[in-house]
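Listed below, chain by chain, are the residues.
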Amino acid sequence: MADSNSFSIYLLKQSFSADNFDKAIRRKETLTEIKATNIPSDAKMYYQVSKSSDPEWTSYWGANIAEENQMICALIFYPVKNRVFVFSYGYAFVFLRDDAIERDFGLKVATNILDSKTLRSTDTFEFSSSKKGRSQSPNTSDLFFFDIDSDTTILKSITGKVKADYSEDYSYVTGSNNIRVTSKVPVSDMNTFLQSLLNLYTVPQQKTDFDDYFTQIVPVRISILDYENALIKDLTNKNTQAEIEFSLPELIDFQHFKGFSFFETKDKSKIFEEFTIDNLFELWEKKNKKAKKKGDLLKNCKVFLYNDIEDKPYKSVSLKKCISYVTIDTNTNKKVFLHEGVWYNFSEDYQNRIDSTVNKIFSSQNFNLPKYDKKLTDGEGAYNDSLD
């Protein structure tokens, strides 16, 4: 019987192929290509060996531990049917460009094969409060246990057991940007295995219990230039009245988290512990003076994350992914939201259903509500109290 192996798999966007997938790599010069006998001729493997120095606590206590630790990471680019999959091992995912991957790949595949009655964990983001959350069940539980409001919440990650139809190929699966699976697939069948993942992502599947989480709050499909210009204007003017927040695009393990910086450094005074709007405005002001294109600054400026395990950043993310922001589409007069580098709005069908429901309530009742005047009313709460 074949041994089980764990895989972390990304899918590159359609603009990448076997001829140009190396353009999806950040800092390619720091990686080394290596020949691997069990990958196809058009696939490539890159790796890096990193030596870590003594952690800072050794000098604090006056201890000289003459041991060198080595960390090895690798990326495998594996073309299948005019698309390119990427296997990531260790910390190698940091070398993938954020804008090169299909951001919904892992989540979409996972929700197509997971049994909604045997879930273990969910990660969510609530637009109304900018609250990130992780819910875990000690045993497998159904979707209702996690109490996710699909009207206001984005599902970011999900873990659970797969449906019986898929249990031969998978056991537990986690879907987010990537798909993490444990499988006994032999390397000789990897091409077929990846084709099945591609079908789960690109071919319409049967309706699932997760569909509401992908149909109500949806990514913006039109030009986002006006939205980004509005964000750039608010950042440049240090507009503290704007609906803008600086937050890191992941759940932080504060037990080991040391802080973040806006450039790679070992200087503790340059590492911030708190995420504040002042940090963001300070960074923008410094970088803005040097940037030729302000839009590129959002994408290219990096935020480096540190923990107490390594003496260098364990991850870097683009500034745009660290900003939560709300603005108004001037054409539709509706709100759009920036979260982790992606612009969202409420689907038109969802908004129409809300309008229809509310209109029926008001048309069937004799409501004569006084006009809300922001200048004369001491907030929405006081206005509501006045109606009692």
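Anything mentioned here points back to the structure above.
Given the structure is predicted, the values throughout are model-derived calculations rather than measurements.

Colleague: With reference to specific residues and values, describe the environment of lysine 132.
Modeller: Relative to the helices and strands, lysine 132 is located in strand 7 (residues 131–141). In this structure lysine 132 touches Thr124, Phe125, Ser247, Leu248, Pro249, Glu250, Leu251 and Glu340, once residues within four positions along its chain are discounted.

Colleague: Any details on the sheet that holds strand 11 (residues 217–219)? Residues and values, ideally.
Modeller: Taken together, the 5 strands give an open sheet; going across it, the order is 11-18-17-16-12, and neighbouring strands pair in antiparallel fashion. Strand pairing shows two members of the sheet lacking a second neighbour, strand 11 and strand 12 (243–246), which therefore form its edges. Across the sheet, the mean angle from the axis of one strand to that of its neighbour is 25 degrees, orientation sign disregarded. Each of strand 12, strand 16 (323–329), strand 17 (334–339) and strand 18 (342–346) is contacted by helix 5 (residues 225–236), which is oriented at about 120 degrees to strand 16, the strand it contacts most.

Colleague: Give me the pairing of strand 6 (residues 114–126): which residues, what numbers.
Modeller: Here strand 6 runs beside strand 8 (residues 153–162); their pairing, made up of 8 bridges, is antiparallel. In the sheet register, serine 121 faces strand 8, and the bridge partner there is threonine 159. For strand 6 and strand 7, the ladder comprises 7 bridges, and the chain directions are antiparallel. Paired with serine 121 across the strands is glutamine 136, a residue of strand 7.

Colleague: Report on the packing of helix 2 (residues 105–113) against helix 3 (residues 190–202), specifying residues and quantitative values.
Modeller: Remark: helix 2 packs on helix 3, axes separated minimally by 9 Å, with the N-to-C direction vectors making an angle of 90 degrees. Relative to helix 3, the element helix 2 lies roughly perpendicular. In contact with Phe105, Lys108, Val109, Asn112 and Ile113 of helix 2, helix 3 contributes Leu197, Leu200 and Tyr201. Taken together, the residues that form the contact of helix 2 with helix 3 break down as 6 nonpolar, 1 polar and 1 charged.

Colleague: Run through the pattern of salt bridges, naming residues and quoting values.
Modeller: For the structure on display, the rule yields 8 salt bridges. Close ionic contact of lysine 156 with glutamate 340 constitutes a salt bridge, the shortest N to O distance being 3.3 Å. Of this pair, lysine 156 sits in strand 8 while glutamate 340 sits in the loop between strand 17 and strand 18; the two residues are 184 residues apart in sequence, bridging distant segments of the chain. The class of glutamate 340 is buried, set by a relative accessible area of 10%.

Colleague: Can you lay out unusual backbone geometry for me, pointing to particular residues and giving the numbers?
Modeller: At arginine 27, a residue that is not glycine, the phi angle is positive and equals roughly 50 degrees. Counting through the fold element by element, arginine 27 comes out in the loop between strand 1 (5–11) and strand 2 (32–34). Looking at arginine 27, the relative accessible area reads 37%, which means it is partly exposed. A positive phi angle is found at glutamate 340, which is not glycine, with a value near 50 degrees.

Colleague: Run through the pairing of strand 1, naming residues and quoting values.
Modeller: Among the 7 residues that make up strand 1, 5 are buried, leaving the element largely enclosed by the rest of the structure. Pairing of strand 1 with strand 10 (residues 179–183), which is carried by 5 bridges, proceeds in the antiparallel orientation. Within strand 10, the residue paired with phenylalanine 7 across the bridge is valine 181. Across 3 bridges, strand 1 lies against strand 5 (residues 83–89) in antiparallel orientation. Along strand 5, the bridge assignment pairs isoleucine 9 with phenylalanine 87.

Colleague: Tell me what's going on with the nonpolar core, and back it up with residues and numbers.
Modeller: Ile9, Leu194 and Leu197 are the most contacted members of the largest nonpolar core, which totals 37 residues. Broken down by secondary-structure element, the contributors of at least two residues to this core are strand 1, strand 4 (69–80), strand 5, helix 2, strand 6, strand 8, strand 10 and helix 3. Sort the elements by how many residues they give to this core and helix 3 lands first, with 7 residues. Excluding anything up to four places from it in sequence, leucine 194 contacts Ile9, Tyr78, Val80, Phe85 and Phe87. Grouped together as the second largest cluster of nonpolar side chains are 31 residues, Phe257, Leu283, Leu298 and Leu338 included.

Colleague: Account for helix 6 (residues 277–288), naming residues and giving values.
Modeller: Helix length check: helix 6 (12 residues) gives 16 Å between terminal C-alpha atoms against 16 Å at 1.5 Å per residue, within 8%. Listing the buried residues of helix 6 in full gives Asn279, Leu280, Phe281, Leu283, Trp284 and Asn288.

Colleague: Mind laying out a negative patch on the surface, listing which residues take part and the relevant values?
Modeller: Negative charge collects at one region of the surface, where Asp147, Asp149, Asp151 and Asp212 lie side by side. Summarising the element assignment, aspartate 151 is placed in the loop between strand 7 and strand 8. Classification of aspartate 151 by relative accessible area gives partly exposed; the value is 31%.

Colleague: Would you mind going over the packing of aromatic side chains in detail, with residue names and values included?
Modeller: Summed over the entire model, instances satisfying the criterion amount to 13 aromatic pairs. A ring pair is formed by phenylalanine 21 and phenylalanine 77, whose centres lie 5.0 Å apart and whose planes are at 5 degrees; its orientation type is stacked. In this pair, phenylalanine 21 sits in the loop between strand 1 and strand 2 while phenylalanine 77 sits in strand 4, placing the two residues 56 residues apart along the sequence. Across the pair, exposure class does not vary: phenylalanine 21 and phenylalanine 77 are buried alike. Taken together, a centroid distance of 5.3 Å and an interplanar angle of 50 degrees make the contact between tyrosine 227 and tryptophan 343 tilted. A residue pair is termed long-range when its members are at least 10 positions apart, and tyrosine 227 in helix 5 and tryptophan 343 in strand 18 qualify at 116 residues. A relative accessible area of 4% places tyrosine 227 in the buried class. Members of the aromatic cluster, each reached through a chain of ring pairs, are Phe7, Tyr78, Phe87, Tyr170 and Phe193. Here the guanidinium or amino end of lysine 108 rests over the ring plane of tyrosine 201, the centre of that ring lying 5.1 Å away.

Colleague: Account for the sheet that holds strand 14 (residues 302–307), with residues named and values stated.
Modeller: Strand order in the open sheet made by the 3 strands is 13-14-15, with antiparallel pairing throughout. A strand with exactly one partner marks an edge of an open sheet, and here the two such strands are strand 13 (257–261) and strand 15 (315–318). The sheet shows a mean angle of 25 degrees between the axes of neighbouring strands, direction not considered. As paired elements, strand 14 and strand 15 share 4 bridges and run antiparallel to each other. Residue pairing across strands places leucine 305 opposite lysine 315, the latter belonging to strand 15.

The rules behind each value
- Residues numbered from 1 in each chain as written.
- Predicted model: local features only at pLDDT ≥ 70, side-chain atom pairs only at ≥ 80, totals over all residues.
- Heavy atoms only, no water.
- Helix = DSSP H or I, 4+ residues; strand = E, 2+ residues; numbered from the N terminus.
- Contact = heavy atoms within 4.5 Å.
- Pairing = 2+ DSSP bridges.
- Axes fitted to C-alpha atoms, helices over the stretch in contact; angles between N-to-C directions.
- Parallel < 35°, antiparallel > 145°, perpendicular 65-115°, else oblique.
- Nonpolar A, V, L, I, M, F, W, Y, C, P; charged D, E, K, R; others polar.
- Salt bridge = Lys/Arg side-chain N within 4 Å of Asp/Glu carboxyl O.
- Buried < 20%, exposed > 50% of the residue type's maximum accessible area, 1.4 Å probe, protein only.
- Core = buried A, V, L, I, M, F, W, Y, C linked by side-chain atoms within 4.5 Å.
- Expected span 1.5 Å × (residues − 1).
- Patch = residues over 30% accessible without salt bridge, like charges linked within 9 Å, V, L, I, M, F, W, Y side chains within 5 Å.
- Areas by Shrake-Rupley, 256 points an atom, 1.4 Å probe, with all protein chains shown as cover.
- Lys, Arg positive; Asp, Glu negative; His and termini not counted.
- Charge placed at Lys NZ, Arg CZ, Asp CG, Glu CD.
- Phe/Tyr/Trp six-rings, centres within 6.5 Å; stacked < 30°, edge-to-face > 60°.
- Lys NZ or Arg CZ within 6 Å of the ring centre and 35° of its normal.

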